[in-house]
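Overview (structure and organization)
Each chain, letter by letter, is given below.
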Amino acid sequence: TLLVLLVAVTAVGLFFYQKTRDRKDTVSRAAAPGSGEPHRDAKANAAFVRRLKASARKRGLPLVVPNPERSPFCALLVSPSGVTAYWGADQDGTVYGGPDEQWAQISGGVRRPFRNPMLAAEDARKQLRDALTAAKFGAFLVNAKVVMTAPGAELAIPRNTPVVAIKDALHEVEYGEALMT
């Protein structure tokens, strides 16, 4: 099982290393004035990943931290039964959303639309699953979680929307709920 785990971590790393599509919509960290891009907390995902590493280390699970220029995910937690890919939603201000394609952020009195992070994470999850399947990891499960990583963000979304706070994501890792066992 350890060999399969190490090969899977390597395959996941290679998938994101080779990914070359333009990800300007998710990598841009500072919106230019008047650009219409959402404001982002540039350090939020890195702070979340540091805390996630500590939680994964407690459980003895490998955590892959892909290059943010090449990957839509800020971290990938590998367990014996699959990969949990964490999509860091680092928009600050007030975030409005639901099942629609577009969400909105209001920061500094300006409304800025952006793509629904749940839909974006699901698209990236499918690409990751396809890459693992192509690498002969057909039975490897891939789960995507959207984590609101900006500490100053205020969510205005329905309660049943599967976007979690940092503390909830860390709790799932530490107590095994996110490990798809």
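So, a few notes on the structure that sits alongside this text.

1. Some points on the overall build of the protein chain
Each helix and strand in the protein chain was counted, giving 5 helices and 9 strands. Along the protein chain, from the amino end to the carboxyl end, the secondary structure elements read α-α-α-β-β-β-β-β-β-α-β-β-β-α. Burial analysis of the protein chain (181 residues in total) assigns 46% to the buried set. Long-range pairs, those at least 24 residues apart, make up 60% of the contacts in the protein chain between residues at least 6 apart in sequence. Accessible area of the protein chain: about 9500 Å², with a carbon and sulfur share of 55%.

2. Concerning the pairing of strand β6 (residues 110–115)
Inspection of the sheet shows strand β5 (residues 102–107) paired to β6 by 6 bridges, in the antiparallel sense. When the bridges of β6 are listed, glutamine 105 appears paired with arginine 112. Taken together, β5 and the strand that follows it, β6, pair antiparallel across an intervening segment of 2 residues, in which glycine 108 is found at a positive phi of about 65 degrees.

3. Concerning the packing of aromatic side chains
Taken as a whole, this structure holds 3 aromatic pairs when the rule is applied. Here the aromatic rings of phenylalanine 73 and tryptophan 87 are separated by 6.0 Å at their centres, their planes lie at 85 degrees, and the arrangement is edge-to-face. Of this pair, phenylalanine 73 sits in the loop between β1 (63–64) and β2 (75–79) while tryptophan 87 sits in strand β3 (residues 82–89); the two residues are 14 residues apart in sequence, bridging distant segments of the chain. Residue class for tryptophan 87 comes out buried when judged on its relative accessible area of 8%. Considering the side-chain rings of tryptophan 103 and phenylalanine 114, the 6.3 Å spacing of their centres and the 65 degrees angle between planes classify their relative orientation as edge-to-face. Of the two residues, tryptophan 103 sits in strand β5 while phenylalanine 114 sits in strand β6, which places them 11 residues apart along the sequence.

4. Considerations on the sheet that holds β5
Strand pairing in a sheet takes place through backbone hydrogen bonds and is either antiparallel or parallel in direction. Across the sheet, 4 strands lie side by side as β6-β5-β4-β8; this open sheet has mixed pairing. Strands at the two margins of the open sheet, each flanked by one partner only, are β6 and β8 (154–156). Strand-to-strand, the axes of this sheet are offset by a mean angle of 25 degrees, without reference to chain direction. Relative to β8, strand β4 (residues 94–96) runs parallel, the two being bridged by 3 bridges. Among the inter-strand pairings, threonine 94 is bridged to a residue of β8, identified as glutamate 154. Where helix α4 (residues 117–134) meets the sheet, its contacts fall on β5 and β6, and the angle it forms with β6 comes to roughly 25 degrees.

5. Focus: the side chain of serine 107
With respect to the helices and strands, the residue serine 107 is situated in strand β5. The buried category is assigned to serine 107, whose relative accessible area is 16%. Look past the residues within four positions of serine 107 in its chain and what remains in contact with it is His39, Asp92, Gly93 and Arg112.

6. Notes on the sheet that holds strand β9 (residues 163–165)
The strand order β1-β2-β3-β7-β9 describes an open sheet built from 5 strands, whose pairing is mixed. Because the sheet does not close on itself, it has two edges, and the strands there are β1 and β9. Here 3 bridges tie strand β7 (residues 141–148) to β9, and the two strands are oriented parallel to one another. Looking at β9, one finds that valine 147 is bridged to valine 164.

The rules behind the values
Residues numbered from 1 in each chain as written. Predicted model: local features only at pLDDT ≥ 70, side-chain atom pairs only at ≥ 80, totals over all residues. Heavy atoms only, no water. Helix = DSSP H or I, 4+ residues; strand = E, 2+ residues; numbered from the N terminus. Buried < 20%, exposed > 50% of the residue type's maximum accessible area, 1.4 Å probe, protein only. Contact = heavy atoms within 4.5 Å. Areas by Shrake-Rupley, 256 points an atom, 1.4 Å probe, with all protein chains shown as cover. Pairing = 2+ DSSP bridges. Phe/Tyr/Trp six-rings, centres within 6.5 Å; stacked < 30°, edge-to-face > 60°. Axes fitted to C-alpha atoms, helices over the stretch in contact; angles between N-to-C directions.

In short, geometric facts, not functional conclusions.
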